[in-house]
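# Secondary and tertiary structure notes
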Amino acid sequence: MISHRKKVYGVIGLAISMLVSVAPPALAASTVTLYKDTTYQTIWGFGAAANHPVNELKTNYNATTQGQILDKLFRTDASNAVLSIVRMEINPYTAAQDAVQTTFMPSSGVTDWNTDLHQRWFAQEAKNRGMNQFYAVPWSPPGWMKTNGSPNNGGHLSTSQYDNFANYMKTYVNQYRNVFGFNIKWVSVQNEPDLATPYASAQYTTSELDQVSAKVADAVHSLNQGVLVGAPEGSNRTASNNYMNGFSAATRAKLDFVSVHDYSTYVDVNHYGKPLIATEVSNFQTANDPSITDGLKWANMIAADLKRGERGWLYWWAVNPAGSTSGEGLINLGANNAFTVNKRLYVLGQFSRYLRPDDTRILASSSDSNLVTIGGKNGTGRASVVLINNSTSAITTTISGLTLANVSGRRTSATEGLTKLTDMAVTGGAITVTLPGKSVTSYVEY
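The name an unreviewed UniProt entry assigns to the protein chain is Glycoside hydrolase family 30, from the organism Paenibacillus oryzisoli.

Now the structure itself:
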């Protein structure tokens, strides 16, 4: 006969065993592992275009507001983005056509360097804050070089002007580098050569762009200053790929890089043995979304581009004009010296602050599909990592593969914008951190 006590204990034991048997398995801890010896491309940088909106900043805003915006874009302290590339337009208009975007060569053999004062002001202010990498590209040759006689509405570069245009590009690069002191590091032959638009634009057939690109490359390279020449910079990756497919082997050999815009679905243009950089994208057709939702959209695009081996990433405008409500700028200008900072600027800063020019991307392996990671290291081997938490929930993860004693970090989320985090000591080559849902966090060793 079994005692009452034994019966009770037996029932309890059975119940416990049943609970244990149906309990879900414990989830594996999230991990991020940095592999400093597994290296990929050299980073060129991150940034945005100056273009005509910076004239509005220069002209209509007081020095205090100008300083606040320029600091937010370029300074290396506080919660600033530390952008590392500014994309500049090589202006095509005569002074009578446009007093702001005025060409330095209004007619054949004539030069006027009292032009482009807005972009030169912006470039100097960026340089004053430690930024000195510039990317230059024409939206159109001057009208006198074109078949339609105008910088606007497409038209083609006249065949008789191919050599003049190559010299025009060389002259610009030489003046801006050696007289004005701006480090023009990259020059592109033509912005969106596949489109004719009411504003400055020029169209090229594949054969035309093939010939002109080779001449521009020869002319700029003759300066012997290491300036990189690129093309085709189509309005989307398909356009760039189509041009590259049609270029001669000789022209492709002369190009130093391939440039693309990201206004459509992804197409692989990264198979020509050339460095690739994405130089323009924005929400130009939609109302501005300043939120972290929009920020995460771009963060994931940047990460995907870097994982494919691309060298850098640029948004469209650094500042959006006050009269615009679109999502074309990192910062939106407002009335009466007001402005707003979009989360996309802070997110871009999460990359730009931690993946500096000439850093090398390294493998950063994440065990959690919700956690997208990009790693890098500088010339001394100091590692950095960018972590995108796409989940709505916080993720606790252990980051290993560190070799220095401490890390510092910053975060952008719905309530943060490149906000400084508490420094942490590294233990056994690792740290354990909790990443809020819908956030981008970056760490660097020291």
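Taken domain by domain, the protein chain comprises domain 1 (30-39 + 362-445) and domain 2 (44-358). For domain 1 and domain 2, the distance between their C-alpha centroids amounts to 31 Å. With 29 residues of domain 1 in contact, the opposing surface of domain 2 contributes 20 residues. Regarding the contact of domain 1 and domain 2, the summed buried area is about 1,900 Å², with carbon and sulfur atoms giving 66% of it. Considering only the surface of domain 1 that becomes buried against domain 2, Ile374, Arg410 and Leu418 emerge as the three largest contributors, covering 31% of it. Where domain 1 packs against domain 2, one counts zero salt bridges. Here domain 1 is connected to domain 2 by twelve residue pairs in polar contact (both at pLDDT 80 or more).

Okay, unusual backbone geometry next. Omega for the peptide link from Ala231 to Pro232 comes to 5°, which places this bond in the cis form. With respect to the secondary-structure elements, Pro232 resides in strand 6 (residues 228-234). A positive phi angle, near 55°, is found at Val82, a position not held by glycine. Mapping Val82 onto the fold places it in the loop between helix 3 (63-74) and strand 3 (85-90). Assessed through its relative accessible area of 5%, Val82 is described here as buried. One non-glycine residue, Asp358, lies in the positive phi region at around 80°. Its place among the elements puts Asp358 in the loop between helix 10 (343-352) and strand 14 (360-366). Residue class for Asp358 comes out exposed when judged on its relative accessible area of 54%.

Scoring rules and cut-offs
- Residues numbered from 1 in each chain as written.
- Predicted model: local features only at pLDDT ≥ 70, side-chain atom pairs only at ≥ 80, totals over all residues.
- Heavy atoms only, no water.
- Domains from an automatic or database assignment.
- Contact = heavy atoms within 4.5 Å.
- Buried area = accessible area lost by both parts, 1.4 Å probe.
- Salt bridge = Lys/Arg side-chain N within 4 Å of Asp/Glu carboxyl O.
- Polar contact = N/O pair within 3.5 Å; in protein donor to acceptor, adjacent residues only side chain to side chain.
- Helix = DSSP H or I, 4+ residues; strand = E, 2+ residues; numbered from the N terminus.
- Buried < 20%, exposed > 50% of the residue type's maximum accessible area, 1.4 Å probe, protein only.

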